[in-house]
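Geometric and topological summary
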Amino acid sequence: MNLRLAAALVATAFALSACSGSDSDTEGTATVPDDQVIQPAEGTPSGFVEADLGAVSIAVPSDWDKQPETQPADNITSTVWRGQVQDGIATGGVDVRVITDPQQPADKAAQALAISAMATLGGRNIEPQEIVWPKASSAYFLEYEAQAPIPTASPSASASPAVTPELATRTLVLDLADGTQVQVTALSADSQDVPAEVLSTVVVKAEASEG
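So, here is what we can say about the structure in this document. Quick caveat, the model's predicted, so the values are computed rather than measured. (Residues numbered from 1 in each chain as written. Predicted model: local features only at pLDDT ≥ 70, side-chain atom pairs only at ≥ 80, totals over all residues. Heavy atoms only, no water.)

**Some remarks on the overall build of the protein**
For the protein, the count of helices and strands is 3 helices and 15 strands. The proportion of buried residues among the 211 residues of the protein is 47%. Of the contacts formed within the protein by residues at least 6 apart in sequence, a portion of 64% connects residues at least 24 apart. Roughly 10100 Å² of accessible area belongs to the protein as shown, and the carbon and sulfur atoms make up 47% of that amount. (Helix = DSSP H or I, 4+ residues; strand = E, 2+ residues; numbered from the N terminus. Buried < 20%, exposed > 50% of the residue type's maximum accessible area, 1.4 Å probe, protein only. Contact = heavy atoms within 4.5 Å. Areas by Shrake-Rupley, 256 points an atom, 1.4 Å probe, with all protein chains shown as cover.)

**A few points about the environment of Glu 42**
Within the secondary structure layout, Glu 42 lies in the loop between helix H1 (4–17) and strand E1 (48–52). Classification of Glu 42 by relative accessible area gives exposed; the value is 83%. Counting along the chain gives 159 residues from Glu 42 to Thr 201, while the straight-line C-alpha distance between them is 8.0 Å.

**Comments concerning the layout of surface pockets**
Over the atoms rolls a probe the size of a water molecule, and in doing so it shows where empty space is left. Estimated volume of the second largest pocket: approximately 240 Å³. Surrounding the second largest pocket, 17 residues form its lining, Ala 41, Ser 200, Thr 201, Val 202 and Val 203 being those nearest its centre. The element that contributes the greatest number of residues to the lining of the second largest pocket is strand E2 (residues 56–61), accounting for 3 residues. Looking at the lining of the second largest pocket residue by residue, the class counts come to 10 nonpolar, 5 polar and 2 charged. (1 Å grid on protein atoms, 1.4 Å probe; cavity = no way out; pocket = protein on both sides within 12 Å on 5 of 7 lines; lining within 4 Å. Points joined across faces, edges and corners; volume = space filled by probe spheres on them. Nonpolar A, V, L, I, M, F, W, Y, C, P; charged D, E, K, R; others polar.)

**Things to note about the sheet that holds E1**
In spatial order, the strands read E1-E2-E15; together these 3 strands make up an open sheet with antiparallel pairing. Because the sheet does not close on itself, it has two edges, and the strands there are E1 and strand E15 (203–204). Pairing between E1 and E2: 5 bridges, direction antiparallel. Across the sheet, Ala 51 pairs through a bridge with Ile 58, a residue of E2. Its contacts with the sheet place helix H3 (residues 193–200) against E1 and E2, and it is angled at close to 150° to E2. (Pairing = 2+ DSSP bridges. Axes fitted to C-alpha atoms, helices over the stretch in contact; angles between N-to-C directions.)

**Remarks on the nonpolar core**
Counting residues in hydrophobic clusters, the biggest one holds 30 residues, and the most contacted among them are Val 94 and Trp 133. Elements with a contribution of two residues or more to this core: E1, E2, strand E8 (92–99), strand E10 (136–146), strand E13 (167–176), strand E14 (181–188) and H3. Examining the composition of this core, we find that 4 residues originate from one element, E2, more than from any other. (Core = buried A, V, L, I, M, F, W, Y, C linked by side-chain atoms within 4.5 Å.)

**Observations regarding H3**
Side chains of residues three or four places apart in an α-helix project in the same direction, reflecting 3.6 residues per turn. By the burial criterion, the buried members of H3 are Val 194, Pro 195, Val 198, Leu 199 and Ser 200. If you follow the buried residues of H3, they end up packed against E1, E2, E8, E10, E13 and E14.

**Quick word on unusual backbone geometry**
Notably, Asp 101 is not glycine yet its phi reads approximately 50°, a positive angle. By secondary structure assignment, the location of Asp 101 is in the loop between E8 and helix H2 (106–120). Despite not being glycine, Lys 135 shows a phi value in the positive range, around 70°. Following the sequence through the fold, Lys 135 ends up in the loop between strand E9 (129–131) and E10.

Structural data, given as C-alpha cells:
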C-alpha cells in the first residue's frame, strides 16, 4: 500500500533499528521531573486500547488497525498500528520495535535517528532530549515535523513527486535493564497531540527491567 504515512513510518523505523543499544548501569528508578517535555500517562486515555508487547505495553486509539507483526532482522520485532485511511492517506500510526542484543545505546540511536530524519524526512533542527522514563535505564525523546515524498499517479521524467502535509512525529528510545532496546515512533497528519499521547502510554514491564 503506497500510503503517505506508511512511507514516513518505514523510513523512520529503519533509521531507528539501524542504531541501538543498552550500556547504562542505572536502574531507571529516578523520578520523572514535573517539567519534562513528555510525561508518562496516568492510566489509559479515553478512547484508547492497551496492547501488551512483552517488553512494554502501549495504548493506541481504538480506531487504529494493528498490522501483522514483522521481523526486519533476527533481533528486531516490529508491531505497527495504522490510523484510518482517508483519500488513500493514513491519518496516524505508530511503530513499536523491540530489539534484543542492540548495537548502540539509546543516546547514539536517538542521534542517528535525528540525522536520518533531517536528511530524508524533512525534519529540521532535531535535538534528542534525554528524559527519565519509569523502569528504563536510559531514555531519549525526539519531536519534529516530517515530510515524505509521494510518487505522482503518472510518473514521468519531468514530474516532481508530491509532498505530504507535515506529519507530527514523536519518538521514544528506551534502553531496558535486561539489555533490550525499545523504539517507539508515533506520528499524525492531523494532530500534534496524538503522537505524544500515544508515547505517554508506553509502560516498561516489570519483568523486562529486572536485570
